[in-house]
Amino acid sequence: LTVALAMAAGMMAQALARHLRIPGIVLLLGLGVLLGPDGLNVVRPGTLGGSLHTLVGFAVAVILFEGGMNLSLARMRREARSIRQLATLGALVTAIGATLAARLILHWDWMLSVLFGTLVMVTGPTVINPLLRRIKVKERVATVLEAEGILVDAICAIVAVVTLEVVLSPAPLSLAGGAAGG
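1. Some words on the overall build of the protein
Step number 1: Each helix and strand in the protein was counted, giving nine helices and zero strands.
Step number 2: Taken from the N to the C terminus, the helices and strands of the protein come in the order α-α-α-α-α-α-α-α-α.
Step number 3: Across its three principal directions, the C-alpha atoms of the protein cover 50 × 40 × 30 Å.
Step number 4: Counting across all 182 residues of the protein, residues that qualify as buried make up 27%.
Step number 5: The contacts of the protein with a sequence gap of at least 6 include a subset with a gap of at least 24, amounting to 59%.

2. Quick word on the confidence of the model for the protein
Step number 1: Of the residues in the protein, 91% have a pLDDT of 70 or more, and the chain-wide mean is 82.
Step number 2: When pLDDT is averaged over each element of the protein, helix 5 (residues 80-104) comes out on top at 90 and helix 9 (residues 175-179) at the bottom at 49.

3. Some thoughts on the packing of aromatic side chains
Step number 1: Taken as a whole, this structure holds one aromatic pair when the rule is applied.
Step number 2: Measuring from ring centre to ring centre gives 5.4 Å for Trp-108 and Phe-116, while their planes differ by 85°; the resulting arrangement is edge-to-face.

4. A few points about helix 5
Step number 1: For helix 5, built from 25 residues, the straight-helix expectation of 36 Å at 1.5 Å per residue is met to within 8% by its first-to-last C-alpha distance of 35 Å.
Step number 2: At Leu-86, helix 5 shows its maximal kink, close to 30°.
Step number 3: Buried within helix 5 are the following residues: Ile-83, Ala-87, Ala-91, Ala-95, Ala-98, Thr-99 and Ala-102.
Step number 4: Looking at the buried residues of helix 5, the elements they touch are helix 4 (73-78), helix 6 (110-120) and helix 8 (139-168).

5. As for the packing of helix 5 against helix 6
Step number 1: Where helix 5 meets helix 6, the closest approach of the two axes is 7 Å, and the angle between their N-to-C directions is 140°. Taken as axis vectors, helix 5 and helix 6 run oblique relative to one another. Crossing angle aside, the handedness with which helix 5 passes helix 6 is right-handed. Note on element contacts: helix 6 touches helix 5 through Trp-110, Ser-113, Val-114, Phe-116, Gly-117 and Val-120, opposite Thr-94, Ala-95, Ala-98, Thr-99, Leu-100, Ala-102 and Arg-103.
Step number 2: Its residues assigned to classes, the contact of helix 5 with helix 6 shows eight nonpolar, four polar and one charged.

6. So, the pattern of salt bridges
Step number 1: Inspection of every chain in the model, using the stated rule, returns four salt bridges.
Step number 2: Linking Arg-75 and Glu-146 is a salt bridge whose minimum nitrogen-to-oxygen distance equals 3.0 Å. In this pair, Arg-75 is assigned in helix 4 and Glu-146 in helix 8, connecting sequence segments 71 residues apart. Each member of the pair, Arg-75 together with Glu-146, is buried.
Step number 3: Between Glu-139 and Arg-78 there is a salt bridge, with its nearest N and O atoms 3.4 Å apart. Taken together, the residues Glu-139 in helix 8 and Arg-78 in helix 4 connect sequence positions 61 residues apart.
Step number 4: Via salt bridges that share partners, Arg-75, Arg-78, Glu-139 and Glu-146 belong to a single interconnected network.

Basis of the calculations
- Residues numbered from 1 in each chain as written.
- Predicted model: local features only at pLDDT ≥ 70, side-chain atom pairs only at ≥ 80, totals over all residues.
- Heavy atoms only, no water.
- Helix = DSSP H or I, 4+ residues; strand = E, 2+ residues; numbered from the N terminus.
- Buried < 20%, exposed > 50% of the residue type's maximum accessible area, 1.4 Å probe, protein only.
- Contact = heavy atoms within 4.5 Å.
- pLDDT = per-residue confidence, 0-100.
- Phe/Tyr/Trp six-rings, centres within 6.5 Å; stacked < 30°, edge-to-face > 60°.
- Expected span 1.5 Å × (residues − 1).
- Bend = angle between axes of the 7 residues up to and from the residue.
- Axes fitted to C-alpha atoms, helices over the stretch in contact; angles between N-to-C directions.
- Parallel < 35°, antiparallel > 145°, perpendicular 65-115°, else oblique.
- Left-handed = near helix turned anticlockwise from the far one by under 90°.
- Nonpolar A, V, L, I, M, F, W, Y, C, P; charged D, E, K, R; others polar.
- Salt bridge = Lys/Arg side-chain N within 4 Å of Asp/Glu carboxyl O.

Put into structure tokens, the structure is as follows:
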């Protein structure tokens, strides 16, 4: 029932977003908060147990596969330097900036701030691709943004999971312990 409700709500949000000509992610995010445990509590991800991780993994795989199908290797090679800088230095600057903002503005502890920083450095194709469909940009810029959305999403997801393992680890904090799964 949880999956059916979430999918039905998601399809309606996507259809409405297309009709309103706004990125679907805007309505999906708002509807998720509204229907989720902190809102009306209609959609309860906790009832899925271990299946939630499987469903999320499958959804991420589909999103990355679809995004990867649209990438042109020839165009990516031409823009390799910009893509590499955005996927490395850009992600690092975002993570550090978000970590410091969470620490200094929200007064979160360092571990939670670092986790927040690694989570928000993910841009992802679900955000980039709909925007590129609506906003016409030069081919070079579109190539860099599409590649960054796909590559950074995968890389940063791994970094975020390792960070989460470090934060949740009861043992003394270590990068090796987080990378090894706690």
